[in-house]
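Here's the letter readout for the chains.
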Amino acid sequence: MKILELPRSEYRQASRTLTQAFFNYPDLSYYFPDPRKKQAQLNWMMHTGLVQTGRTGKIFKTEDNLGIMALMLPDSPQFNFWDYLFSGALFAPLVMNRESLKRMQFCEKYAFDTHQKAMSGRPHYYIWYLGVSPAAQGKGLGTALIHSLQTVAATENKPIYLETHKPTTVAYYQHLG
């Protein structure tokens, strides 16, 4: 299976794939509890994340566009004001209500702090998004994306970090190492 770098022109399509993949993800249901608005809010969040990642990291896709992996590279700088500005993240107060925004900021700060503590400044690859369209899950697309990264990381002797908030995916990631 071919793994390709995602061109900027395909961010919108990739954000729709990620929205489908993460639609029932526990944290995102916590951020976006209103089922009438969730689709649009989640799509906005995924697109914003892809734009941010594209500015400082890399985004990959399966050749059929059903699997997406966004990652920060070992030498990627921290996001800055300009990354937030250009990605559209500063529109969060207009997209989300105050309570949802507070919940998201609390959870994201916890994830950021945990990530920093776990990796303690060591250069590493950070899988920020790994999503496969629900219709294509279980067909090896996520595994192919991770294996492509594992090959690169192994040649550089760099670890890979990711987090999941979905207990059912823990065994999958452990199986992949």
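Report follows, based on the coordinates. Only a predicted model underlies this, so the values are computations on that prediction, with no experimental measurement involved.

Cut-offs used in this document
Residues numbered from 1 in each chain as written. Predicted model: local features only at pLDDT ≥ 70, side-chain atom pairs only at ≥ 80, totals over all residues. Heavy atoms only, no water. Helix = DSSP H or I, 4+ residues; strand = E, 2+ residues; numbered from the N terminus. Buried < 20%, exposed > 50% of the residue type's maximum accessible area, 1.4 Å probe, protein only. Contact = heavy atoms within 4.5 Å. Salt bridge = Lys/Arg side-chain N within 4 Å of Asp/Glu carboxyl O. Axes fitted to C-alpha atoms, helices over the stretch in contact; angles between N-to-C directions. Parallel < 35°, antiparallel > 145°, perpendicular 65-115°, else oblique. Left-handed = near helix turned anticlockwise from the far one by under 90°. Expected span 1.5 Å × (residues − 1).

### So, the environment of Met69
Thought 1: Structurally, the position occupied by Met69 is in strand E3 (residues 67–72).
Thought 2: On the basis of relative accessibility, which here comes to 1%, the residue Met69 falls in the buried class.
Thought 3: In sequence terms Met69 and Gly131 are 62 residues apart; their C-alpha atoms lie 6.6 Å from each other.
Thought 4: If sequence neighbours within four positions are ignored, Met69 has contacts with Lys58, Ile59, Phe60, Ile127, Tyr129, Leu130, Leu145, Ser148 and Leu149.

### Observations regarding the pattern of salt bridges
Thought 1: For the structure on display, the rule yields four salt bridges.
Thought 2: The partner of Asp113 in a salt bridge is Lys109, and the shortest N-O contact between them spans 2.6 Å. In this pair, Asp113 and Lys109 both sit in helix H6 (residues 98–119), four residues apart, roughly one turn of the helix.
Thought 3: For Lys109, a relative accessible area of 52% translates into the label exposed.

### Concerning the packing of helix H7 (residues 141–156) against helix H8 (residues 167–176)
Thought 1: Contact geometry of H7 with H8 gives a least axis separation of 11 Å together with a crossing angle of 40 degrees. Put simply, H7 runs oblique to H8. In this structure, H7 meets H8 at a crossing whose hand is right-handed. Judged by residue contacts, Gly142, Thr143, Ile146, His147 and Gln150 of H7 engage Tyr172, Tyr173 and Leu176 from H8.

### Some points on unusual backbone geometry
Thought 1: One non-glycine residue, Asn65, lies in the positive phi region at around 65 degrees.
Thought 2: Along the chain, the position of Asn65 falls in the loop between strand E2 (58–62) and E3.
Thought 3: Asn65 sits in the buried class, given a relative accessible area of 16%.
Thought 4: Even without being a glycine, Ser120 presents a positive backbone phi close to 35 degrees.
Thought 5: Structurally, Ser120 can be placed in the loop between H6 and strand E4 (125–132).

### Considering the side chain of His47
Thought 1: Take His47: it is sitting in helix H3 (residues 38–56).
Thought 2: We classify His47 as buried; its relative accessible area is 15%.
Thought 3: Beyond its immediate stretch of four places on either side in the chain, His47 contacts Tyr11, Arg12 and Ser15.

### Concerning H7
Thought 1: The first and last C-alpha atoms of H7 sit 23 Å apart over 16 residues, in line with the 22 Å expected at 1.5 Å per residue.
Thought 2: Taken together, the buried positions of H7 are Leu141, Gly142, Ala144, Leu145, Ile146, Leu149 and Ala153.
Thought 3: If you follow the buried residues of H7, they end up packed against strand E1 (3–5), E2, E3, E4, strand E5 (160–162) and H8.
Thought 4: Directly after H7, the chain includes Asn157, whose backbone phi takes a positive value near 55 degrees.

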